[in-house]
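Overview (structure and organization)
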Amino acid sequence: MPRPILATIHLGALRHNLARVRQAAPDARIWAVAKANAYGHGLEHVFEALRGADGFALLDLSEAQRLRALDWRGPILLLEGCFEARDLELCSRLNLWHVVHCTEQIDWLAAHKTHTPHRVFLKLNSGMNRLGFTPDAFRAAWARLNSLPQVDEISLITHFSDADGERFGQQGLAHQVDAFVATTADLPGERSLCNSAAALRHAPHHPALAADWVRPGIALYGAAPDHPERHPQQHWDLQPAMTLSSRLIGIQQLQAGDSVGYGSTFVAPHAMRLGVVACGYADGYPRHAPGTAEVGTPVLVRGVRTRLVGRVSMDMLTVDLTPVEAAHGPCQLGDEVVLWGRSQHGAVLAVDEVAHAAGTISYELLCAVSPRVPMQVVGT
Ligand SMILES: *Cc1c(COP(=O)(O)O)cnc(C)c1O
């Protein structure tokens, strides 16, 4: 038998989550953000379920090529645009739309030889201060692009730094929205502002925010952009698109005072049974997930919520079997363990909860699932 670790990708969940975003922004078209290999789910795995979106947005030219190889003829947007001048050749050949966020990218376009002018998304730096033209420089950039024969339509894009915050007000999105509106008010072209957090939290109350295109990423994969304030299943009705599961490969009986794992960070307060699980940090499970007597990280064993104990090692982690055996009787080798996602026994553990316990966010855990973990795709 192969080592029992497995990532399962749920096509039904992806479709459901796409429909949830459509509900939140019914008049907008949807860029399914599929960068980082579809947030670790595998571009080829999610494609069938997300092709109901209006376009795919990603970063790597190689990912755009993979989408065209899947025969996706619809829009593809490169969210960071080109990284060097010769990338434009592939943009022309594959008909990729691309963000333009700096003057160098305009210089490259001006020098580019193409028969088909490009659709570009000119990026405003409305306050995130990573990519984009400042409000002062934006209109000159627009005018220059508009004068280039290499450029067809110019759309307008910006990205929020605080869309997951509680308030729409000046501490939240409003100052960025104001900067965007003030800078672009009389310019033609389609507009795109919202990531998952803005689309779910704010677009339903401020429909103009959704504009022409929304750009959800994490919500499509069933995690919340704003956990722990809001839970992806309980609050947003999203479904996990990935289950990371494994099995018990060992069972240990500890006596009071015995410890487990490297550094002996967990000492049994009383006699207890532990399960040894075939999953470790080399699979992408976070090594910093806590497993001391005071704080644990949630895990499902046979669908029952229990907790990590001791340190996560490269290939294994250990869990407390007490609540599981109290509910269902003795555990045995081969019993199902769900690190996040959906148990075959019906329970769901949000990746957000595991990430929160480990001091990170769902995005990082999903993207970090290691290549050694086999993936299977299921319809549900
Ligand atoms: C990654 C990304 C998104 C999607 O963000 P989520 O928080 O995952 O919804 C949207 N827009 C841009 C520019 C991005 O880089």
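Quick caveat, the model's predicted, so the values are computed rather than measured. (Residues numbered from 1 in each chain as written. Predicted model: local features only at pLDDT ≥ 70, side-chain atom pairs only at ≥ 80, totals over all residues. Heavy atoms only, no water.)

With that out of the way, let us pick up the side chain of Gln176. Within the element layout of this structure, Gln176 appears in helix α8 (residues 174–184). With near-sequence residues (within four places) excluded, Gln176 lies in contact with Ser126, Gly127, Met128, His159, Phe160, Ser161 and Asp162. (Helix = DSSP H or I, 4+ residues; strand = E, 2+ residues; numbered from the N terminus. Contact = heavy atoms within 4.5 Å.)

A few words on helix α6 (residues 103–111). Of all the residues in α6, the buried ones are Gln105, Ile106 and Leu109. Buried residues along α6 cover an arc of 100° about the axis, so they all sit on one side. Packing partners of the buried residues in α6 comprise α5 (87–94), β5 (97–100), β6 (118–124), α7 (135–146) and β7 (151–158). (Buried < 20%, exposed > 50% of the residue type's maximum accessible area, 1.4 Å probe, protein only. Arc of directions from axis to C-beta.)

Another point: the site of the ligand. Neighbouring the ligand are Val33, Lys35, Tyr39, Leu79, His159, Asn195, Ser196, Arg215, Pro216, Gly217, Ile218 and Tyr363. Contact between the ligand and Lys35: an oxygen atom at 2.6 Å from a side-chain N or O atom of the residue. Here Arg215 contributes a side-chain N or O atom positioned 2.9 Å from a nitrogen atom of the ligand. Computed on the free molecule, the ligand has an accessible area of 390 Å², of which 91% lies beneath the protein chains in the complex. (Near = heavy atom within 4 Å. Polar contact = N/O pair within 3.5 Å; in protein donor to acceptor, adjacent residues only side chain to side chain. Areas by Shrake-Rupley, 256 points an atom, 1.4 Å probe, with all protein chains shown as cover.)

Along its sequence, the protein is organised into domain 1 (11–221) and domain 2 (242–349). A C-alpha centroid distance of 41 Å is found between domain 1 and domain 2. (Domains from an automatic or database assignment.)

Take the environment of Asp258 next. With respect to the helices and strands, Asp258 occurs in the loop between β10 (242–254) and β11 (259–260). Setting aside chain neighbours within four positions, we find Asp258 in contact with Phe266, Val267 and Ala268.

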